[in-house]
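Secondary and tertiary structure notes
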Amino acid sequence: MSDTTKMPERHEPGAGPSRRNLLKCMMAGSAGVLWSVAGGVPMPFDLGSGKAFAATGDFTFMQISDTHIGFKAPANPDPEATLKDALAKVAAVRPTMLLHTGDVSHLTKPEQFEQAAAIMKSTGLETHYVPGEHDTINDDGKSFFERFGHDKRTAGGWYSFDQAGVHFIGLINVVNLRPGGLGYLGPDQLAWLAADLKGKTASTPIVVFTHMPMWTVSAAWGWGTDDAEPAIAQLKRFGSVTVLNGHIHQVIQKVEGNVRLQTAYSTAFPQAKPDTPGASPGPLKVAADQLKSVLGVRRVDVVRDQAVTLTDATLAA
Amino acid sequence: MSALRFGGRRAAASAAALALPLLLGAGAGSWIGWHSVAAAPAPRDVVIDNFAFGPATLTVPRGSTVTWTNKDDDPHTVVSDSDPKLFKSGALDTDDTFTFTFNEAGTFKYFCTIHPRMQGTVIVQ
C-alpha cells in the first residue's frame, strides 16, 4: 500500500519537473514509494523490491569523429598518427563501446577506408559508425556501408540498437544533399524514426548519433540539418535525450529542454569558429605544437538514475 | 597568409578574364588576323576557393570547355542540378581539375554535393 504522491505543477512546458520540485516529490513520498529519476523522468521507486522500474545500467562509452584518413594538407599531414593518439586515450578509459560519428575517410577512397578500419580494429572495441559527407562522395555511402555497415541497418543505412537500457539511434544526414541545402534526413528516415520510437517509454534514455549538427550552427557554412526539427520534435517526450555529432571539428553545445545536443572534436584537424569573418568551414592550420590541444575525444557516462554526462578531452590533456 | 594567396589568385583570374576582350579590342583594326584565334572554342576557368565557385556565374559561347580547379584544402565536387545529371565530377582534391564541354545553349546550375551551399551557374550562349 502506498500513498499517492502529488506532483507539483510543471514549470516548463515539455520539460520535466525542476530539481527543486523533484526533491519535494521525493520528500513527499511515503515509506513505500520514493521518486527517483531514470532517464531524466521521475519514476516511482519500489522499496519493496529495491529495484527501479526502469533498468538503466551504469556504463561508459566514447565518441570519436572526423578522423579524415587520407587527408594530407598542412593542417595535419598525418591524421593516422593523431587517430592513434586518440585511440590511446580511448583505450585508457576502457569504455564498453565506441561511436564514430563520420568522416572516417577524407575522400571515400577504398584504401582510406581500409587504412581507417585497420587502425580502428586495434582497439578491439565494439564500434558503431555513421558516415560523414566525406565518406559518401558520389556513391551515396555504398562503399562506406560495405566496409563499416556491420550493424543491422535499414536500406537507407540508419539503424538503432539497445545497450544497457539506453536506446541508440544512428541517423544519416549526409546523403542526397540538395543544392543550396544543409544536411538532410529525408521523409523515409523521419518515418522510420517515428516507428522506431513508438512504444518506447519516456524514461528510456536516448542517444542519437549522426554526422552533421542537428541544429543550425551556421547556415552560411552549411553546419546544420534542413529537417532536424521534425526529428528533434519526436524526441522531446523522452526524459533524457543526448544528440552527438561531428562535422564542425569543435565542441559546441545546445540544450533544448531534455534534449542536449553536442558537437565533437575531430581527431584530424580543427576548423574555425562558426562564421568567423574571412575564414571558411575548411581545415584550419594551427601551430604544430598546438594541434593536439584542438583535437580530442569524448567520454560519455551513463549512470543509473542520473543525467548522462559528457566529458570532452583534447589529445594534449 | 591565405588572404594574400587568395588575393593573388583572384588578381590573376581577373587579368585572364580581361585579356580576351582587350586583345579583341586592340585587334579590331586587324580583325582577320585575330579571327581564327577568337573563333576557336576558348577554355574557360572556374576556380574553387574558400568554399565558393568563382565566378559564381560564368557565361560562355556554345561549344566551350569549362575547367574547374579546386584550390581549397577540402575536397569539392561539381555536379549539375539537373536530373538526370548533365555532368558530375568525382571528388576533386586540392588542385584537381574537372572539365566539361557545353554543346547546348542554356542555363546550367550546379553545386558541390559535399557542401551543397556552394552553387554556381554556367550560361551557354
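A count of helical and extended segments in chain A gives 6 helices and 14 strands. Relative to its full complement of 317 residues, chain A shows a buried share of 44%. Residue pairs in contact within chain A that sit at least 24 positions apart in sequence constitute 66% of those at least 6 positions apart.

If you tally the helices and strands in chain B, you get 2 helices and 8 strands. Counting helices and strands in the order they occur from the N terminus, chain B gives α-α-β-β-β-β-β-β-β-β. Every one of the 125 residues in chain B was classed for burial, and the buried ones make up 26%. Summarising the internal contacts of chain B: among those between residues at least 6 apart in sequence, 47% fall at separations of at least 24.

A few words on the packing of helix α5 (residues 187-197) of chain A against helix α6 (residues 228-235) of chain A. Residue and element names in this part refer to chain A. As a packed pair, α5 and α6 sit with axes 10 Å apart at the nearest point and diverge in direction by 5 degrees. Judged by the inter-axis angle, α5 sits roughly parallel to α6. Facing α5, whose interface residues are Leu 190, Leu 193, Ala 194 and Leu 197, α6 presents Pro 230, Ala 231 and Gln 234. Broken down by class, the residue content of the contact of α5 with α6 amounts to 6 nonpolar, 1 polar and no charged.

All names here are of chain B. The strand order β3-β8-β7-β5 describes an open sheet built from 4 strands, whose pairing is mixed. Edge positions in the sheet fall to β3 (57-60) and β5 (79-80), since each has one partner strand and no second. Here 6 bridges tie strand β7 (residues 106-111) to strand β8 (residues 119-124), and the two strands are oriented antiparallel to one another. Within the sheet, the bridge partner assigned to Tyr 110 lies in β8 and is Gly 120.

Here chain B averages 78 in pLDDT, while 66% of its residues score no lower than 70. With a pTM of 0.80, the predicted complex shows an ipTM of 0.79.

The next subject is the pairing of strand β6 (residues 126-129) of chain A. Residues and elements named next belong to chain A. Examined bridge by bridge, strand β5 (residues 97-100) and β6 share 4 bridges and lie parallel to one another. Bridge pairing in β6 places His 100 opposite Tyr 129. Chirality of the crossover, the property in question, places the unit of β5, helix α3 (residues 110-121) and β6 among those that are right-handed.

Another aspect to go through is the interface of chain A and chain B. Listed per partner, the contact involves 20 residues of chain A and 21 residues of chain B. By residue class, the composition of the side of chain A that touches chain B is 8 nonpolar, 10 polar and 2 charged.

Time to look at the sheet that holds β5 of chain A. Residues and elements named next belong to chain A. One open sheet accounts for 5 strands, arranged β6-β5-β4-β13-β14; its pairing is mixed. Where the open sheet ends on each side, the last strands, each with one partner, are β6 and β14 (309-314). For this sheet, the mean inter-axis angle between neighbouring strands, taken without regard to orientation, is 25 degrees. Sheet topology note: the strand β4 (residues 59-64)/β5 ladder contains 4 bridges and is parallel. When the bridges of β5 are listed, Met 62 appears paired with Leu 98.

Residue and element names in this part refer to chain A. By the criterion of burial, strand β10 (residues 241-245) is predominantly enclosed, with 5 of the 5 residues buried. Where burial is concerned, the two faces of β10 agree: the one with Val 241, Val 243 and Asn 245 and the one with Thr 242 and Leu 244 are both buried. Sheet analysis places strand β9 (residues 206-209) next to β10, joined by 4 bridges and oriented parallel. If you follow Val 207 over to β10, its bridge partner there is Thr 242. At this point the chain moves from β9, through α6, to the parallel β10, and the crossover so formed is right-handed.

Below, the discussion takes up unusual backbone geometry. In terms of backbone geometry, most residues other than glycine have negative phi values and most peptide bonds are trans. Residue Pro 55 of chain B is reached from Gly 54 of chain B by a cis peptide bond, and omega for that bond is 0 degrees. Counting through the fold element by element, Pro 55 of chain B comes out in the loop between β2 (52-54) and β3. Each neighbour pair has its own omega, and for Asp 83 of chain B with Pro 84 of chain B the value is 0 degrees, a cis peptide bond. The phi angle at Arg 94 of chain A is positive, at roughly 55 degrees, despite the residue not being glycine. On the secondary structure map, Arg 94 of chain A appears in the loop between α2 (79-93) and β5. On the neighbour-count criterion, Arg 94 of chain A (9 C-beta atoms within 10 Å) is exposed. Phi angles above zero are rare outside glycine, and Asp 103 of chain A is one such case at about 60 degrees. The topology assignment puts Asp 103 of chain A in the loop between β5 and α3.

Each value, and the rule that gives it
Residues numbered from 1 in each chain as written. Chains lettered and ligands numbered in written order. Predicted model: local features only at pLDDT ≥ 70, side-chain atom pairs only at ≥ 80, totals over all residues. Helix = DSSP H or I, 4+ residues; strand = E, 2+ residues; numbered from the N terminus. Buried ≥ 20, exposed ≤ 12 C-beta atoms within 10 Å, placed from the backbone. Contact = placed C-beta atoms within 7 Å. Axes fitted to C-alpha atoms, helices over the stretch in contact; angles between N-to-C directions. Parallel < 35°, antiparallel > 145°, perpendicular 65-115°, else oblique. Nonpolar A, V, L, I, M, F, W, Y, C, P; charged D, E, K, R; others polar. Pairing = 2+ DSSP bridges. pLDDT = per-residue confidence, 0-100. Right-handed = clockwise from strand over helix to strand, strands pointing away.

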